[in-house]
Amino acid sequence: GVHYGWGAAYRMPAFARGLELWAGGVADADFMGKLIASSVNKPYSMDLAAGLNAAVWAGYTFPTRGRTVATLRYRVQVPVGGVMFVPEWGQAYYEMSLDLHLNRILHLSSLHNRVGLNQMLCVDLRLPRSSWRVGVEHEYLHYQANRMHFAREFVSVHVGWLSLLDIRRGTRR
């Protein structure tokens, strides 16, 4: 599957030193392919969804000496509303294009038919010339359409690295 999201958040005034809180929304697009080995008519299926999620972030920056900074962050988001493309189970794509019933394929989603939770816990280490992010993300999603129920759950590990590179022509550093 492929998942893409973009968000905007409001940074709340800090009430404790080193603590930051953010609240906002995330617009996302989600694609999940499924292999159905027992079906000859439709061996592959896919679900598409686009929606808006409510999100909250919290972070704490540990007091340090020197130029190294460590921040612990936690993020949680839940789907609020959107639209899902869920074709009928067992329906081939050539059948869907000939007999297009949008009310059985496109579904508005909200908390009544798309319930989920996405959370991430990570540590950001800012060093003098690079930054590292190491974290764990957990996603749970349950959605239903056309009297069919689907659920998925992922746990993934994230490692990110950002470095400051300074390349100048004709000079050495």
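Above this text you will find the structure in question.
Residues numbered from 1 in each chain as written. Predicted model: local features only at pLDDT ≥ 70, side-chain atom pairs only at ≥ 80, totals over all residues. Heavy atoms only, no water.

Undergrad: For the layout of surface pockets, give the residues involved together with the corresponding values.
TA: Taken as a whole, the largest pocket encloses approximately 610 Å³ of empty space. Only β1 (2-12), β2 (19-35), β3 (44-61), β4 (69-85), β6 (114-126), β7 (130-145) and β8 (148-163) provide two or more residues apiece to the lining of the largest pocket. The element best represented in the lining of the largest pocket is β2, accounting for seven residues. Split into classes, the residues belonging to the lining of the largest pocket amount to 13 nonpolar, 10 polar and nine charged. (1 Å grid on protein atoms, 1.4 Å probe; cavity = no way out; pocket = protein on both sides within 12 Å on 5 of 7 lines; lining within 4 Å. Points joined across faces, edges and corners; volume = space filled by probe spheres on them. Helix = DSSP H or I, 4+ residues; strand = E, 2+ residues; numbered from the N terminus. Nonpolar A, V, L, I, M, F, W, Y, C, P; charged D, E, K, R; others polar.)

Undergrad: Residues and numbers for the pattern of salt bridges, please.
TA: Across all of its chains, the model carries eight salt bridges by this definition. With a closest N to O distance of 3.5 Å, E20 and R11 form a salt bridge. For R11, a relative accessible area of 47% translates into the label partly exposed. With a closest N to O distance of 3.2 Å, R75 and E137 form a salt bridge. Here E137 lies in strand β7 and R75 lies in strand β4, a separation of 62 residues in the sequence. Accessibility classification places R75 together with E137 in one group, the buried group. One network of salt bridges, with partners in common, ties together R11, E20, R73, D124 and R133. (Salt bridge = Lys/Arg side-chain N within 4 Å of Asp/Glu carboxyl O. Buried < 20%, exposed > 50% of the residue type's maximum accessible area, 1.4 Å probe, protein only.)

Undergrad: Lay out empty space enclosed by the protein in plain terms, naming residues and giving numbers.
TA: Any space left empty among the atoms is revealed by the rolling of a water-sized probe across them. Here the structure, examined in full by the defined rule, presents two cavities of 30 Å³ or more. Estimated volume of the largest cavity: approximately 230 Å³. Lining the largest cavity we find 24 residues, and of these D28, N53, P79, R114 and L141 sit closest to its centre. If you list the elements that add at least two residues to the lining of the largest cavity, you get β2, β3, β4, β6 and β7. No other element matches β4, which puts seven residues into the lining of the largest cavity. Along the lines of polarity and charge, the residues of the lining of the largest cavity split into 10 nonpolar, nine polar and five charged. Taken as a whole, the second largest cavity spans an internal volume of roughly 50 Å³. What lines the second largest cavity is D30, M32, D47, L48, A49, M84, F85, V86, R114, Y143 and R152. Of all the elements in the fold, those that place two or more residues in the lining of the second largest cavity are β2, β3 and β4. For the lining of the second largest cavity, the element with the most residues is β3, which contributes three residues.

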